Amino acid sequence: MDRVRSLARDIAEDTDLRHTITTLCEPAQAPDLCLGAALVREHWDLDGAADTFVSVVHDSGASITRPVTMSIALGVGTSRTARSAALCLLTIDSGRGNTGTTL
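What comes next concerns the included structure. (Residues numbered from 1 in each chain as written. Predicted model: local features only at pLDDT ≥ 70, side-chain atom pairs only at ≥ 80, totals over all residues. Heavy atoms only, no water.)

Quick look at the side chain of Thr81
Here Thr81 shows up in helix 6 (residues 80-93). Thr81 sits in the buried class, given a relative accessible area of 13%. Not counting residues up to four positions away in its chain, the partners in contact with Thr81 are Pro31, Asp32, Leu35 and Val56. (Helix = DSSP H or I, 4+ residues; strand = E, 2+ residues; numbered from the N terminus. Buried < 20%, exposed > 50% of the residue type's maximum accessible area, 1.4 Å probe, protein only. Contact = heavy atoms within 4.5 Å.)

Structural notes on the nonpolar core
One finds Phe53, Val57, Ile64, Val76 and Leu89 to be the most contacted residues of the largest nonpolar core, which totals 27 residues. Those elements that provide at least two residues to this core are helix 1 (2-13), helix 3 (31-41), helix 4 (46-59) and helix 6. Examining the composition of this core, we find that 7 residues originate from one element, helix 6, more than from any other. (Core = buried A, V, L, I, M, F, W, Y, C linked by side-chain atoms within 4.5 Å.)

A look at the pattern of salt bridges
Think of it this way: side chains of opposite charge can pair up when their charged atoms draw near. For the coordinates displayed, the defined rule picks out 2 salt bridges. Linking Asp93 and Arg66 is a salt bridge whose minimum nitrogen-to-oxygen distance equals 2.4 Å. Of this pair, Asp93 sits in helix 6 while Arg66 sits in the loop between helix 4 and helix 5 (70-74), and the two are 27 residues apart along the sequence. Judged by its relative accessible area of 28%, Asp93 is partly exposed. Arg66 sits in the partly exposed class, given a relative accessible area of 40%. (Salt bridge = Lys/Arg side-chain N within 4 Å of Asp/Glu carboxyl O.)

Things to note about helix 4
Under the 1.5 Å per step criterion, the end-to-end length of helix 4 is 20 Å for 14 residues, consistent within 8% with the ideal 20 Å. Residues of helix 4 that are buried make contact with helix 3 and helix 6. Looking at the residues trailing helix 4, positive phi occurs at Gly61, about 100°. (Expected span 1.5 Å × (residues − 1).)

Below you can see the structure in the form of structure tokens.
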């Protein structure tokens, strides 16, 4: 997992790839693709990543309110991808997003 995080950080730091990553976060993309791209985008654009996570949840037919709590995140049961997106929002809303900071 550390290798995956390291690669995501390397991709996020490459400003030439940011437009591509942002495009992969658009709702027209498959939900799993949006989720993965948003995890990378989170390193430099926390708000944009959060918007993508919300879209993944909403596009699954579920709703979500912010700030997200654990019970709200686990209550998203429309798909595994939507629940993962909700848990990512929980991480952001609790101040532990992929922003390059160490807790």
